[in-house]
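Listed here are the chains, written in short residue letters.
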Amino acid sequence: MRIAYVDPQSYHGLAKYDLGYLRGLLDSGFDGDVLFYCSTLYDGPVPASVEPAPIFDYNRKRSEVLKAVYYLRSLLRLAIDAFSRPAALYHFQWFKLPWLDLLLVVLLKKALGARVAMTAHNVVPHGTEGRRHRALARLYRTVDAIVVHHRKTADEIAARFGIDSSRIHVLRHGPIKIDGRGRARHRRTLKRFAAQHPLNFLFLGRGSRYKGLDILLDAWALFDARTSAKAGLIVIGAVDPELKDMAAKAARRHASLLLIDERVSEADLHLALRRADIVVLPHRRISQSGVLLSALGQRKPVLVAPRPGLLEPLEMATVGWRFDGGAEGLAARLEFLASHPEEVARIRDDRDAWKLVQDAYAWRTIGRNATDVYRRLIERPAGTVASSGVES
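Definitions and cut-offs
- Residues numbered from 1 in each chain as written.
- Predicted model: local features only at pLDDT ≥ 70, side-chain atom pairs only at ≥ 80, totals over all residues.
- Heavy atoms only, no water.
- Helix = DSSP H or I, 4+ residues; strand = E, 2+ residues; numbered from the N terminus.
- Rg over C-alpha atoms; globule rule 2.2 N^0.38 Å.
- Buried < 20%, exposed > 50% of the residue type's maximum accessible area, 1.4 Å probe, protein only.
- Contact = heavy atoms within 4.5 Å.
- Areas by Shrake-Rupley, 256 points an atom, 1.4 Å probe, with all protein chains shown as cover.
- Lys, Arg positive; Asp, Glu negative; His and termini not counted.
- Charge placed at Lys NZ, Arg CZ, Asp CG, Glu CD.
- Pairing = 2+ DSSP bridges.
- Axes fitted to C-alpha atoms, helices over the stretch in contact; angles between N-to-C directions.
- pLDDT = per-residue confidence, 0-100.
- Phe/Tyr/Trp six-rings, centres within 6.5 Å; stacked < 30°, edge-to-face > 60°.
- Patch = residues over 30% accessible without salt bridge, like charges linked within 9 Å, V, L, I, M, F, W, Y side chains within 5 Å.
- Salt bridge = Lys/Arg side-chain N within 4 Å of Asp/Glu carboxyl O.
- Core = buried A, V, L, I, M, F, W, Y, C linked by side-chain atoms within 4.5 Å.
- 1 Å grid on protein atoms, 1.4 Å probe; cavity = no way out; pocket = protein on both sides within 12 Å on 5 of 7 lines; lining within 4 Å.
- Points joined across faces, edges and corners; volume = space filled by probe spheres on them.
- Nonpolar A, V, L, I, M, F, W, Y, C, P; charged D, E, K, R; others polar.
- Right-handed = clockwise from strand over helix to strand, strands pointing away.

### Quick notes on the overall build of the protein chain
Helix and strand counts for the protein chain come out as 15 helices and 13 strands. Relative to the globule expectation of 21 Å for 392 residues, the C-alpha radius of gyration of the protein chain, 22 Å, shows essentially globular dimensions. Along the first, second and third principal axes, the C-alpha atoms of the protein chain reach 70 × 45 × 40 Å. Residue burial in the protein chain is summarised as follows: out of 392 residues, 55% are buried. Within the protein chain, counting contacts between residues at least 6 apart in sequence, those at least 24 apart form 69% of the total. Carbon and sulfur atoms form 50% of the exposed surface of the protein chain, whose accessible area is close to 17400 Å². Between the mean site of the 60 positive side-chain charges and the mean site of the 42 negative ones, the protein chain shows a separation of 4 Å.

### A word on the sheet that holds strand E5 (residues 115–119)
Taking strand neighbours across the sheet as the criterion, the seven strands line up as E3-E2-E1-E4-E5-E6-E7 in an open arrangement whose pairing is parallel. The outermost strands of the open sheet, each flanked by one partner alone, are strand E3 (50–56) and strand E7 (168–170). Going from strand to strand, the sheet's axes swing by 20° on average, the running direction of each strand aside.

### Details of the confidence of the model for the protein chain
Model confidence for the protein chain is summarised by a mean pLDDT of 91, while 95% of its residues fall at 70 or above. Predicted confidence in the protein chain is weakest over helix H10 (residues 290–297), with a mean pLDDT of 89, and strongest over strand E11 (residues 278–281), with 98.

### Examining the packing of aromatic side chains
Scanning the model with the defined rule gives 11 aromatic pairs in all. Residues phenylalanine 201 and tryptophan 220 carry aromatic rings whose centres are separated by 6.0 Å and whose planes lie at 70° to one another, so their mutual orientation is edge-to-face. Remark: tryptophan 220 occurs in helix H7 (residues 213–226) and phenylalanine 201 occurs in strand E8 (residues 200–204); sequence separation between them is 19 residues. Across the pair, exposure class does not vary: phenylalanine 201 and tryptophan 220 are buried alike. What links up through ring pairs into an aromatic cluster is the set Tyr5, Tyr17, Tyr21, Phe36, Tyr42 and Trp363.

### Thoughts on a positive patch on the surface
On the surface, Arg187, Lys191, Arg274 and Arg275 cluster together into a patch of positive charge. Elements that contribute at least two residues to the positive patch include exactly helix H6 (187–195) and helix H9 (266–275). The class of arginine 274 is exposed, set by a relative accessible area of 53%.

### Thoughts on the nonpolar core
Counting residues in each nonpolar core, the largest one holds 41 residues, and the members touching the most others are Ile146 and Ile157. Sorting elements by how many residues they give to this core places helix H2 (residues 64–84) first, with five residues. When neighbours within four sequence positions are excluded, isoleucine 157 is seen to be in contact with Ala120, Val123, Tyr140, Ile146, Val148, Gly162, Ile163 and Ile168. Ranked by size, the runner-up nonpolar core spans 38 residues in total, among them Ala267, Leu273, Leu314 and Ala317.

### Looking at empty space enclosed by the protein
As enumerated under the stated definition, the model contains one cavity of 30 Å³ or more in all. When its volume is computed, the largest cavity comes out at roughly 40 Å³. Taken together, Phe203, Leu204, Lys211, Val280, Leu281, Pro282, His283 and Val291 make up the full set of residues lining the largest cavity. For the lining of the largest cavity, the secondary structure elements donating two or more residues are E8 and E11. For the lining of the largest cavity, the class distribution of residues is six nonpolar, one polar and one charged.

### Describing the pairing of strand E2 (residues 33–39)
Working note: regular strand, side chains alternate between the two faces of the sheet. Along E2, six of the seven residues are buried, which leaves the element largely enclosed by surrounding structure. Of the pairings in the sheet, the one linking strand E1 (residues 2–6) to E2 comprises five bridges and is parallel in character. Of the residues in E2, the one forming a bridge with tyrosine 5 is phenylalanine 36. Note on the crossover from E1 through helix H1 (residues 13–27) to E2: the handedness is right-handed. Sheet analysis places E2 next to E3, joined by six bridges and oriented parallel. Bridge pairing in E3 places valine 34 opposite valine 50.

### Some details on the pairing of E1
Burial runs high along E1: four of the five residues are buried. Bridge count between E1 and strand E4 (residues 89–92): four bridges; the pairing is parallel. For isoleucine 3, the partnering residue across the bridge sits in E4 and is leucine 89.

Put into structure tokens, the structure is as follows:
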């Protein structure tokens, strides 16, 4: 059995996702051939039994028109390659130009008789929730299977786009390791700040409204005004333009808040995560979070908003806390944790709870369930749908 795994965005953090997924697939006992159609920017290792095909080079172009032209050229290369060495199944991680992608999907299905799966990392792309998404709807209805990371995402896609739920499969998002190698530009600042506080909270990654950075900043102002407990908040990562002034003012107003508003090295992110005691995820919406999984991989307790993808690990074992999603509720939870360090230590040191959660999100477990999805798709007669979704 030959499958083709296609990710036009396989670089930086997404390359780590691809590597984890492919390794998990092979470690789970998948015994077929794997073609990996990836970006020319992919700089990670490739498992020995995976054949890389770096065909996507649109990422280096600045012009949107040029990006589209080069992306189309890559799709044509994939189509030509598919005729010379067809795969039984093509699994797409991302679609960039849905109407063009739809033509390729139809070609693979009709001309080659291949099965096609796609991963929907979100119901619709971030920032486009209000659009109609006609092309995406057609893609959802045309592919043989849709992979999502949480049951809630599956339910939303089925309801919004009229998709048969038996065609949607839940495979969890595995942990993304943040690498500590290289130079941490902010090493001294992070170490000095963390050492000044007995408890450190951390907001990691892009500072955006959908990730709830403004909620956290409002909550920290309430926390700082109402409690004498010493605690620090580290906000590290580039902040969106609409929140830059708010974040800068908060950092000037509160000595207990360290703001590093820039795209930082992975070594800096790794150091910030190591120095933190609790990772805060106040998201307004999310299907699954790479930061959450990085925190779980490092056994860092988490404080999360009531979003299904964030609450899922807490439903398996007590590896953190939830708040109600608002600034007032978050401030109250921050106050409680800052005043009860023994509670933080209890959860941090609960080895059984951490093992349960880490096993559930292991790439090997995900790979085993992905292999089951692939085999059932390939073996079932054309024109039928799968009997049920699969949850890892």
